[in-house]
Amino acid sequence: MIKGKDIYNVIAGIVPLYVAMFLGYGSVRWWKILTPEQCSGVNRFVSMFAAPFLAFKFISANNPYKMNFKFLAGDSLQKVFVMVVLYIWNLTRFGNMDTSIIIYALFALPNTLVMGIPLMEAMYGKFSTPLMTQIVVLQSVIWNTVLLILFEYRAAKILIQEQFPDNTAAIATVTIDPDVESLGGESLQADTDVGHDGKLHVVVRRSASVSSNNTSYKSFELPSSALSRASSSVSEIHSIYSARETPLRYPSFESPHIINLPKSMSVGTVLEEDFKRPKKFWGGNRKNNSRVSSICTNDDSVGSSNVVVAVPHHSAASRDEPDELTETKENSRSSLSGSWKKMENIEENVENKKKQMPSARVMTKLITVMAYRKLSWNPNTWASVVGITWSLIAYRCHIKMPSIIEGSITIVSNTGLGMAMFSLGLFMALQPKFIACGKKWAAISMGVRFLAGPALIAATSAPIGIRGDLLRVEIIQAALPQGIIPFIFAKEYNLYPDIFSTAVIFGMVVALPVTIIYYVLLGL
């Protein structure tokens, strides 16, 4: 049974963290002590020194030969279950990779190092500290890496589809320049060589300004004179995937008229009753006093395709013969019906082209290289690896760290907890809105973080025999506020950073009462 003193001890252990966060928030928002540039310096210190030293301190002190594998299995099963469900969902037509990454990050990556360790220690004593440290190790080594791989895969997919919309399957190799840190968050340029076998060999390098030939399709404006010079009926409509392959051809009166229409236009061809000339309309309602045959392309599913309207020549003699005119009109209607079917088939082909990717070997090598490069430049990765290595050696050989090294690490790591919370306060103060992503996504993120996450981890932990305080620690650590690493990735890769910003800020505000409620309910 939870007593009032127990709740006070929890509050006493957590409130100092919120005081540091409050000071960071007030230093920017109210007292104007720190400028945004100075905040960047503080955040840089935390990410490069304070947080890595703090992680190293806990990881190196953890005995890897006495890890609670049942506890880790319960936590891991939650993440694996979420990934499997999201993978199956992405195989359906309703699947969406961006949403899947968001849901995975909300489920899998709480703020265990900064909030989890002191909170659990205040609730369940010293026995919970090694458990939280083990969760931190898994987060650093596995789950953060999985999230990074997902972001890099998404960035690679976007880069390849933008640079090589028509021939992605022909890519044989992709080489990344050493100065490219990530496929997201910086301007990149892809240079291509064609091998003797017709395969493409791509080199991706950093570029200050990417050439328009490599970044997007050229959009041609439709000249106002083009449609006015067009002749009688619409015969055929083709969806062309890349405008670069089909140049703009102005109509003549001796051949079918080919006009490229950018996808942003919603253009129809209105054939007047006397078939003298077509007119163009830009959306809106069509007049009832004219017979209309139209094609509009305003569907994002067509991607960046342009529409080419082929208007065949109609002789002047036919306008003077009513029977031929009637026959021409009927042919126009039937031809238009067939054109719609062709349009649907071509759109389907365009979608298939967009879904094509290079071989699994090429993509695996690309993503592995980029993930390794990103992780190798991350000080938190090195802190985790070095900490695990030292703990394996120290607890196997029963040796202690030299006091001069231990003291140096301790003096920096002691700043980690307070500076990390202070940095979170700065982060909150620098955001333009408290709830930046809107109420809908704020509710979804809070529901996933504080309701679905704990419920799912209870469902995956109880069947494997986790009981008592071990189960309570498992559930409450799943209800911790959102970690800030997903926000950093989301901002770098431009994947709805507002959602993660709201999850971090709003989550920190409601985390204390929510975790206390769980603590009381689980103690009944």
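Residues numbered from 1 in each chain as written. Predicted model: local features only at pLDDT ≥ 70, side-chain atom pairs only at ≥ 80, totals over all residues. Heavy atoms only, no water.

## Observations concerning the side chain of threonine 133
What counts is decided by this rule: Under the DSSP-based scheme used, a helix requires at least four consecutive residues in state H or I and a strand at least two consecutive residues in state E, with every element numbered from the N terminus. Contact criterion: two residues are considered in contact whenever any of their non-hydrogen atoms come within 4.5 Å of each other.
Within the secondary structure, threonine 133 sits in helix H6 (residues 128–163). Once you skip the residues sitting within four places of it in the chain, threonine 133 turns out to touch Phe58, Ile59, Asn62 and Ile117.

## Points about the packing of aromatic side chains
The relative placement of two aromatic rings is captured by the distance of their centres and the angle of their planes. Under the convention used in this document: Within 6.5 Å between ring centres, the rings of Phe, Tyr and Trp (the latter by its six-membered ring) count as paired, and their orientation is classed by plane angle as stacked under 30 degrees, edge-to-face over 60, tilted in between. Relative accessibility under 20% of the residue-type maximum defines a buried residue, over 50% an exposed one, and the middle range a partly exposed one, all with a 1.4 Å probe and only protein chains included. Whether a charge lies above a ring is judged from NZ of Lys or CZ of Arg, which has to be within 6 Å of the ring centre and within 35 degrees of the ring normal.
This model, assessed by the stated rule, comprises 11 aromatic pairs. Relative to tryptophan 31, the ring of phenylalanine 22 has its centre 6.2 Å away and its plane inclined at 80°; by these criteria the two rings are edge-to-face. Measuring from ring centre to ring centre gives 6.5 Å for phenylalanine 489 and tyrosine 493, while their planes differ by 75°; the resulting arrangement is edge-to-face. Of this pair, phenylalanine 489 and tyrosine 493 both sit in helix H15 (residues 485–493), four residues apart, which is roughly one turn of the helix. You can call tyrosine 493 buried: its relative accessible area is 5%. Within the aromatic cluster, the residues linked to one another by ring pairs are Phe22, Tyr25, Trp30 and Trp31. Looking at arginine 396, its charged tip hangs above the ring of tyrosine 65, at a distance of 4.5 Å from the centre.

## Quick word on the side chain of serine 461
Considering the arrangement of structural elements, one finds serine 461 in helix H13 (residues 439–461). Contact partners of serine 461, with chain neighbours within four places excluded, come to Gly74, Ile466, Leu471 and Glu474.

## Remarks on the confidence of the model for the protein
Put simply, the rule reads: pLDDT runs from 0 to 100 and stands for how confident the predictor is about each residue.
Of all residues in the protein, 71% attain a pLDDT of 70 or more, and the chain-wide mean is 76. When mean pLDDT is compared element by element in the protein, helix H3 (residues 69–91) scores highest at 94, while strand S4 (residues 236–240) scores lowest at 31. Note that residues 210–321 has pLDDT below 50 and, in this model, 221 contacts with residues that lie over four places away or in other chains.

## Examining the sheet that holds strand S2 (residues 188–194)
Spelled out, the test is: Note on pairing: DSSP must find at least two bridges between two strands before they are called paired. In this description, a line fitted to the C-alpha atoms serves as the axis of each element, helices being fitted only across the stretch in contact, and the angle between N-to-C directions of two axes falls anywhere from 0 to 180 degrees.
With mixed pairing, three strands are arranged side by side in an open sheet as S1-S3-S2. Two strands lie at the open edges of the sheet, namely strand S1 (171–176) and S2, each paired on one side alone. Along the sheet, successive strands turn relative to each other by an average axial angle of 25°, direction set aside. Of the strand pairs in this sheet, S1 and strand S3 (residues 200–206) are connected by five bridges, and their pairing is parallel. Across the sheet, the residue bridging to isoleucine 171 is leucine 200, located in S3.

## A few points about the environment of threonine 381
Operational definition: Definition of a polar contact: a pair of N or O atoms within 3.5 Å, with one able to donate and the other able to accept a hydrogen when the atoms are protein atoms, and with sequence-neighbouring residues admitted only if both atoms are side-chain atoms.
Looking at where threonine 381 falls in the secondary structure, it is placed in helix H11 (residues 379–397). A C-alpha to C-alpha distance of 7.3 Å links threonine 381 and valine 141, two positions 240 residues apart in sequence. Within the structure, the side chain of threonine 381 is placed 3.2 Å from the backbone oxygen of leucine 375, a separation counted as a polar contact.

## Observations concerning the pairing of S3
Here seven bridges tie S2 to S3, and the two strands are oriented antiparallel to one another. Across the sheet, alanine 190 pairs through a bridge with valine 204, a residue of S3. Here S2 folds back onto S3, and the loop between the two strands holds five residues, one of which, glycine 198, carries a positive phi near 85°.

## A short note on unusual backbone geometry
Here the phi dihedral of histidine 398 falls at roughly 55°; this positive angle occurs in a residue that is not glycine. Note on histidine 398: relative accessible area 72%, which makes it exposed. With a phi angle near 60°, asparagine 494 is a residue other than glycine that sits in the positive phi range. Mapped onto the elements, asparagine 494 comes out in the loop between H15 and helix H16 (497–522).

## Side note on H13
What counts here: Expected helix span is given by 1.5 Å per residue-to-residue step, counting one fewer step than there are residues. What the bend at a residue measures is the angle between two axes, fitted to the seven residues ending there and to the seven starting there.
Its 23 residues place the ends of H13 32 Å apart at the C-alpha level, agreeing with the 33 Å of an ideal helix rising 1.5 Å per residue. The largest bend in H13 is about 40°, located at valine 448. Among the residues of H13, those classed as buried are Ala442, Ser445, Met446, Val448, Arg449, Phe450, Gly453, Pro454, Leu456, Ile457, Thr460 and Ser461. Against the buried residues of H13 lie H3, helix H4 (97–108), helix H14 (468–478) and H16.

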